[in-house]
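# A look at the structure
If you want the building blocks of each chain, they are given just below.
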Amino acid sequence: KASLQWTGWRDPRMVRSFAALVLCATAHALLAPSRPSGNALRTRLNFLSPEMSGALAKMSDADNYEKIVSETMVKEDCDRDEAERRYNQYLFDPDGYSIMKMNEQIRNKGFSSFEEMFVAENGQDAWDARQASIAESKSQKGTTSIFVVGGLFLALVAAKTSGAVGG
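In this report, we go over the structure that sits alongside the text.

Inspection of the secondary structure assignment puts S53 in helix α2 (residues 50-60). The residues contacting S53, other than those within four sequence positions of it, are N88, L91 and F92.

Before going further, it helps to examine the side chain of N88. Examined against the element boundaries, N88 turns out to sit in helix α4 (residues 80-92). Residue N88 is classed as buried on the basis of its relative accessible area, which comes to 10%.

Another aspect to go through is a nonpolar patch on the surface. Judged by side-chain polarity, F153, L154 and V157 come together as a nonpolar surface patch covering roughly 300 Å² of accessible area. Considering the arrangement of structural elements, one finds V157 in helix α7 (residues 124-162).

Moving on to helix α3 (residues 62-75). Since there are 3.6 residues in each turn of an α-helix, residues three or four apart along the chain are aligned in direction. Here α3 contains 14 residues, and its C-alpha end-to-end distance of 20 Å stays within 8% of the 20 Å for a straight helix at 1.5 Å per residue. Along α3, the residues classified as buried are Y65, V69 and T72. Each buried residue of α3 sits inside an arc of 60° when the element is viewed along its axis, so together they form one side. The outward face of α3, more than 90 degrees from its buried face, is lined by the exposed residues D63, V74 and K75. Where α3 is buried, its residues meet α2 and α4. D77 lies just past α3 and shows a positive phi near 50°.

Turning our attention to unusual backbone geometry. Residue D77 is not a glycine yet carries a positive backbone phi of 50°. For D77, a relative accessible area of 71% gives the class exposed.

Helix length check: α4, at 13 residues, gives a terminal C-alpha distance of 18 Å against a target of 18 Å (1.5 Å per residue), a fit within 8%. Packing partners of the buried residues in α4 comprise α2, α3 and α5 (94-108).

What counts, and at which threshold
- Residues numbered from 1 in each chain as written.
- Predicted model: local features only at pLDDT ≥ 70, side-chain atom pairs only at ≥ 80, totals over all residues.
- Heavy atoms only, no water.
- Helix = DSSP H or I, 4+ residues; strand = E, 2+ residues; numbered from the N terminus.
- Contact = heavy atoms within 4.5 Å.
- Buried < 20%, exposed > 50% of the residue type's maximum accessible area, 1.4 Å probe, protein only.
- Patch = residues over 30% accessible without salt bridge, like charges linked within 9 Å, V, L, I, M, F, W, Y side chains within 5 Å.
- Areas by Shrake-Rupley, 256 points an atom, 1.4 Å probe, with all protein chains shown as cover.
- Salt bridge = Lys/Arg side-chain N within 4 Å of Asp/Glu carboxyl O.
- Expected span 1.5 Å × (residues − 1).
- Arc of directions from axis to C-beta.

The following block contains the structure:
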């Protein structure tokens, strides 16, 4: 007679089923997305795109949108379409746009990377000090994370031991 009681991860069938699920999900995630072949009708969803971000900004505050596009045309010496494309990209992904603009400025100065530009402008010692500071900051964050996770684990163990949490 089969038991309907949860046996948890002690049941080898549960472990095998979970492993199979993880393997299938992982394998599926590694597959290339399917593409229509031949002359199949292709559609494009403009939801969550730079164009949609621009359209939403125009609807919510058209005057401000027009003002910023006009300023961009003057500041970046480009036509209206390019200014709208840039502002829409900024609205869609401000961080990505900022990184793209920073890389563009680095290339315009004749450097191939931020490191190369930083060293040329500030010297190798300044770069080494910056890298050491970043490494120290990462180390402190890692230590803090260990303490937070450890504290949560101890709180869970204490709650289970005292019976405050079932299981």
